[in-house]
Every structure is written in C-alpha cells, then in structure tokens.
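# Report on the structure
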Amino acid sequence: MNAHEIDYKIYGEEMQFVEIELDPQETVVAEAGSFMMMDDDVKMETIFGDGSQQNGGLFGKLLNAGKRMLTGEGLFMTSYTNYGQGKKKTAFAAPYPGKIVPIDLPEVNGKFICQKDAFLCAAKGVSVGIEFNRKLGTGLFGGEGFIMQKLEGDGMAFIHAGGTLHRRVLQAGEVLKVDTGCIVGFEQSVHYDIEFIGGIKNTFFGGEGIFFATLRGPGVVYIQSLPFSRLADRIIAHAPSAGGSSQGEGSILGGLGRLIDGN
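Not measured: the values here are computed from a predicted model.

Let us look at the sheet that holds strand β4 (residues 35–38). With antiparallel pairing, the 4 strands of this open sheet are ordered in space as β1-β2-β7-β4. Of all the strands in the sheet, just β1 (7–11) and β4 have a single pairing partner and so form its edges. Put simply, the sheet's adjacent strands are angled 20 degrees from each other on average, direction ignored. Here β4 pairs with strand β7 (residues 88–93) via 3 bridges, running antiparallel. Note on β7: the bridge partner recorded for methionine 37 is alanine 91.

Here we take up the confidence of the model for the protein. Of all residues in the protein, 69% attain a pLDDT of 70 or more, and the chain-wide mean is 79. Long-range and interchain partners of residues 136–146, a stretch whose pLDDT sits below 50, account for 29 contacts in this model, where long-range means more than four residues apart. Contacts from residues 256–263, a stretch scored under 50 in pLDDT, to residues over four places away or in other chains number 5 contacts.

Bringing the pattern of salt bridges into the picture now. Following the criterion strictly, the structure yields 7 salt bridges and no others. For aspartate 23, the salt bridge is made with lysine 87, and the minimal N-O distance between the two is 2.5 Å. In this pair, aspartate 23 is assigned in the loop between β2 (17–22) and β3 (27–30) and lysine 87 in the loop between β6 (76–82) and β7, connecting sequence segments 64 residues apart. Across the pair arginine 168 and glutamate 174 runs a salt bridge, and its minimum N-O distance is 3.1 Å.

This brings us to the packing of aromatic side chains. Under the defined criterion, the tally for this structure stands at 6 aromatic pairs. Their ring planes at 45 degrees and their centres at 5.6 Å tell us that phenylalanine 186 and tyrosine 192 sit as a pair that is tilted. Of the two residues examined, phenylalanine 186 and tyrosine 192, each falls in the buried class. Three or more aromatic residues joined by ring pairs form one cluster here, namely Phe35, Tyr80 and Phe92.

Right, let's get into unusual backbone geometry. The peptide bond linking glycine 217 to proline 218 adopts the cis configuration, its omega dihedral lying at 20 degrees. With respect to the secondary-structure elements, proline 218 resides in the loop between β18 (211–216) and β19 (219–224). Positive phi is not limited to glycine here, since glutamine 25 has a value of about 75 degrees. Relative to the assigned elements, glutamine 25 resides in the loop between β2 and β3. Take glutamine 25: its relative accessible area is 49%, and that puts it in the partly exposed class. A positive phi is found at asparagine 109, a non-glycine position, where the angle reads about 60 degrees.

How each quantity is defined
Residues numbered from 1 in each chain as written. Predicted model: local features only at pLDDT ≥ 70, side-chain atom pairs only at ≥ 80, totals over all residues. Heavy atoms only, no water. Pairing = 2+ DSSP bridges. Helix = DSSP H or I, 4+ residues; strand = E, 2+ residues; numbered from the N terminus. Axes fitted to C-alpha atoms, helices over the stretch in contact; angles between N-to-C directions. pLDDT = per-residue confidence, 0-100. Contact = heavy atoms within 4.5 Å. Salt bridge = Lys/Arg side-chain N within 4 Å of Asp/Glu carboxyl O. Phe/Tyr/Trp six-rings, centres within 6.5 Å; stacked < 30°, edge-to-face > 60°. Buried < 20%, exposed > 50% of the residue type's maximum accessible area, 1.4 Å probe, protein only.

Set out below in structure tokens:
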C-alpha cells in the first residue's frame, strides 16, 4: 500500500482523542493545532500540504498546499515520524465535543467526501484535497458551499464530528433528508443535492432554514447531531458581552445576580 499502515486507539466519550501507534519510520500527518502528546523518539516537521506528494517537486507541493486554502485550511500541516527503534505513540485531540471517526479508505473505495473542517489526521500517503459541488444550487444553499474536502488513498484517516454521530447505510435509490449543517461525510457513491422545503409557513416561520440536503444511496453516510456552527451560534446568542441573554442559568436576578456572586 502507498500510505503508511498505522495502528490506533480512540479514548474518551464527549472530548475524545486518538492515539496513533507508529512503527519505526512510520509517519502520521495532522492539522495544525490538533497535537496532544507524543513519545520521545517521535519527531515533528512542518510540511506543505498533506505530505502525499513530498517527492513531486516544488510545484507539486505548492499546488497540493494551495488546494487546502480553498477549503479554509492553512498551507501547512504537521507530520510526526517515529525515528526510534521500537513502536512509539502520538496523540491528537478533537477540537470540540463530539466523536472521532476512523475512515478506512480501502473500505470506501479509496475516497471519502467530508465537510471542510472535519479532517483531523491521517497516515502519511493519504491525500487531503478538494471536492467541488458542480450544481449552483447545492453550492449556494447546501450549507458546505461549493467546496468540500476529499480524502483519497489506501490508508487510515480520522475525521471529527460534533455531538453524537450516526452512521447510516443507504441502499440503492434510498433518500435521506438532512439539515445541511449536520452532514459529516459520505462515500463517493452517494449523490448529494439540496431540496426546497416548500410551504410559506415552513419557509418563513419553521426556523429550520429553507432547504434540506438530500443524500441518495447507495453508500455510507455520517450525520452529526451538533454542528459546530450551531453550537457557536447558541454560545454567542447567550454571551452577555455579545449582547445576548443569560436566560436559563437558574437565577431570577439576572445581571444583578451575576454582580452579587462575582461574575
């Protein structure tokens, strides 16, 4: 196989981290800011892009890294290589409450499409690229825009989703309607589109937006119960410094109560 063959174990429930076991000279690549800990003989190195084309010349490296900018990621990733004699470990943490999902790319025909900020880490050799939504409507109203991430190769990759994760296997022709922000990822065999909810009351007073995402099988899809954007909106709405309310905190005194108790 082209990608390094890594072993792993996922720890935790709501705030998870994944521990990667590396044989000598094996490497894992990860998003900047996801590092948690590593053994002494593991060395970290900043690289262009995902490291899958490190031998492809300067232009290839720049092109590979530039694609990441279109998904809102940085130019650089970090690689962690075991330069010791025995097995060594390194670990990467989820950025917010949710679940870490291992994706064995050979089991999904070598390609998995996911939301732009879902990728956490992967065995070196896995390509982290971009996937364009070809339809104008899907790009404008699909929640994830025109561009999603695609993970390609024959190794292990790890993605992160918010809240509780649901894995659903769609049969051929089976359709699942999903809130646009709740999609984590899906196999390349799954057809992704959007659908207008319909109805004046639903559109203006339903509070759920005006479009569904539709996923048509066959293939595996992953759905999250708490998109980070939804969590962030709730936090901002209830943050006093942002003009939000503090209702639901158990005090009938409101701001006066916070003043009294030192907050």
